[in-house]
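Listed below are the residues making up each chain.
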Amino acid sequence: MKRTALVVGASGIGGNYTARALLAQGWTVHGLARRPDTRIPGLQPVAADLLDPASLASALADVAPTHVFITTWMRQDTEAENIRVNAAMVRNLLDALSGKGTVRHVALVTGLKHYLGPFEAYAASGTLPDTPLRESQPRLPVENFYYAQEDEVYAAAARDRFSWTVHRPHTVIGMAVGNAMNLGTTLAVYATICKETGRPFQFPGSAAQWNGLSDVTDARMLARQLVWAADTDAARNEAFNIVNGDLFRWSWLWGRIAEFFGVQAAGFNGTVQPLEAAMANDAGVWSDIAARHGLAESDLGRLASPWHTDLDLGRPIEVMTDMANSRRLGFSAYQATDDSFFDLFGQLRAARLIP
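These numbers were taken from a predicted model, which means no experiment stands behind them. (Residues numbered from 1 in each chain as written. Predicted model: local features only at pLDDT ≥ 70, side-chain atom pairs only at ≥ 80, totals over all residues. Heavy atoms only, no water.)

Undergrad: Outline the overall build of the protein chain, supporting the account with residue identities and numerical values.
TA: Within the protein chain one finds 14 helices and 13 strands. Relative to the compact-globule value of 20 Å for 355 residues, the protein chain shows a C-alpha radius of gyration of 20 Å, a close match. The buried share of the protein chain, reckoned over its 355 residues, is 56%. Partitioning the contacts of the protein chain with sequence separation of at least 6, the portion at a separation of at least 24 is 78%. Counting only carbon and sulfur atoms, one obtains 49% of the accessible surface of the protein chain, whose full area is about 14,100 Å². Side chains of the protein chain give 31 positive and 36 negative charges; the mean places of these two sets differ by 5 Å. (Helix = DSSP H or I, 4+ residues; strand = E, 2+ residues; numbered from the N terminus. Rg over C-alpha atoms; globule rule 2.2 N^0.38 Å. Buried < 20%, exposed > 50% of the residue type's maximum accessible area, 1.4 Å probe, protein only. Contact = heavy atoms within 4.5 Å. Areas by Shrake-Rupley, 256 points an atom, 1.4 Å probe, with all protein chains shown as cover. Lys, Arg positive; Asp, Glu negative; His and termini not counted. Charge placed at Lys NZ, Arg CZ, Asp CG, Glu CD.)

See the structure below:
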């Protein structure tokens, strides 16, 4: 049967790579965003605001997807607002598609905050989960906008009789501009600033993250799992963790990143040193760097998200993610994490986003 995808958040890291992966396999792909990315060959852009049901219905009037991939969210000041806004986005989207009767499958991308807790209670005392993180672990006894998004998908699936999957990546490594959670690009920008100013490339996080085991999710891995689940009957109505499949320690990777950029690596020195504070006055520095090197983006805020990098690297526990659920069903993709970072850095240079 003909497969038509609606990728929601196609301008972000996960959505961009997912749209490209679907197009490569011959799908018809619509990419929905407030400002759709028109640079992806073959992608049919849909400009829509998920918080405006009337304009959303109008934008989707001629779109009849068989599969929907929800890869976007909007950060708010409180978790209560995160829940209200992000649940409404999912609900409005699925309501707008409900009457078409074409949707067969919906995939929702969330993340490890499902296990670690929301921003306001992130890895808080008393809520630390056992690791490796497994999909069978129960929800935490705290409000969480990921849970609200899931519940909207479950309710619409029961109403409209489509299947669903939930995908929970760790930190996603890939190229996008204007993304709210972008550790890979943040570290590239930070290393560039360190090189240009002579500052040491200081690890900003905790002893647990410096010394412990960790993993990340290459955006290409996330896209592969989303496409795999859409084509795999046994994957229906399941939640899946998705990471690269290897493990690393930041004490090993930090020096390799520093070497790539030609900067002095400074490891954990006994205290957490937040990157958000270290980069607080760097907007002008980056603007000057962009002007001198002829870079494509001079706005530091559209490239770096130090607040999110601090959350990742400041955790009081090591975080490892179990992949057995999808492995049992045949998902066997693997990605070396150091290559994830170095591939990204190469892409950023090719796009003139870093010198």
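Undergrad: An account of the pairing of strand β6 (residues 163-169) is needed here, citing residue identities and associated values.
TA: The buried fraction of β6 is high, at 7 of 7 residues. When strand β5 (residues 105-109) meets β6, the two strands line up parallel, connected through 5 bridges. Bridge pairing in β6 links Leu108 to Val166. Pairing analysis gives 5 bridges linking β6 to strand β11 (residues 238-242), with the strands arranged parallel. Along β11, the bridge assignment pairs His167 with Phe240. (Pairing = 2+ DSSP bridges.)

Undergrad: Provide a residue-level description of the packing of helix α6 (residues 183-197) against helix α9 (residues 250-261), including the pertinent values.
TA: At a closest axis distance of 10 Å, the pairing of α6 and α9 adopts a crossing angle of 55°. With respect to α9, the axis of α6 lies oblique. For the element pair α6 and α9, the recorded crossing hand is right-handed. Between α6 and α9, the residues in contact are Leu183, Leu187, Ala188, Tyr190, Ala191, Thr192 and Lys195 and Trp250, Trp254, Ile257 and Phe261, respectively. (Axes fitted to C-alpha atoms, helices over the stretch in contact; angles between N-to-C directions. Parallel < 35°, antiparallel > 145°, perpendicular 65-115°, else oblique. Left-handed = near helix turned anticlockwise from the far one by under 90°.)

Undergrad: An account of the packing of aromatic side chains is needed here, citing residue identities and associated values.
TA: This model, assessed by the stated rule, comprises 19 aromatic pairs. Relative to Trp250, the ring of Phe248 lies with its centre 5.2 Å away and its plane at 80°, an arrangement referred to as edge-to-face. For the pair Phe248 and Trp250, a shared accessibility class is recorded, and that class is buried. One Lys or Arg, Arg75, reaches over the ring of Trp307 and ends 3.5 Å from the middle of that ring. Sitting above the plane of the Trp73 ring, Lys113 keeps its charged end 5.9 Å from the centroid. (Phe/Tyr/Trp six-rings, centres within 6.5 Å; stacked < 30°, edge-to-face > 60°. Lys NZ or Arg CZ within 6 Å of the ring centre and 35° of its normal.)

Undergrad: I'd love a proper account of unusual backbone geometry, names of residues and values included.
TA: Note: most residues except glycine have negative phi, and most peptide bonds are trans. Here the residue pair Thr131 and Pro132 is connected by a cis peptide bond, since its omega of 5° sits within 30 degrees of zero. Along the chain, the position of Pro132 falls in the loop between α4 (113-116) and α5 (145-160). Phi is positive for Arg161, close to 60°, though the residue is something other than glycine. With respect to the helices and strands, Arg161 occurs in the loop between α5 and β6. Arg161 gets classed as exposed once you look at its relative accessible area, which sits at 78%. In this structure, Arg352 is a non-glycine residue whose phi angle is positive, near 60°.

Undergrad: Got a sec to walk through helix α11 (residues 283-293)? Specific residues and values, please.
TA: Of the residues making up α11, those classed as buried are Trp286, Ile289 and Ala290. One side of α11 carries all its buried residues, which in axial view fall inside an arc of 100°. Opposite the buried face of α11, by more than 90 degrees, sit the exposed residues Ala291 and Arg292. Directly after α11, the chain includes Gly294, whose backbone phi takes a positive value near 65°. (Arc of directions from axis to C-beta.)

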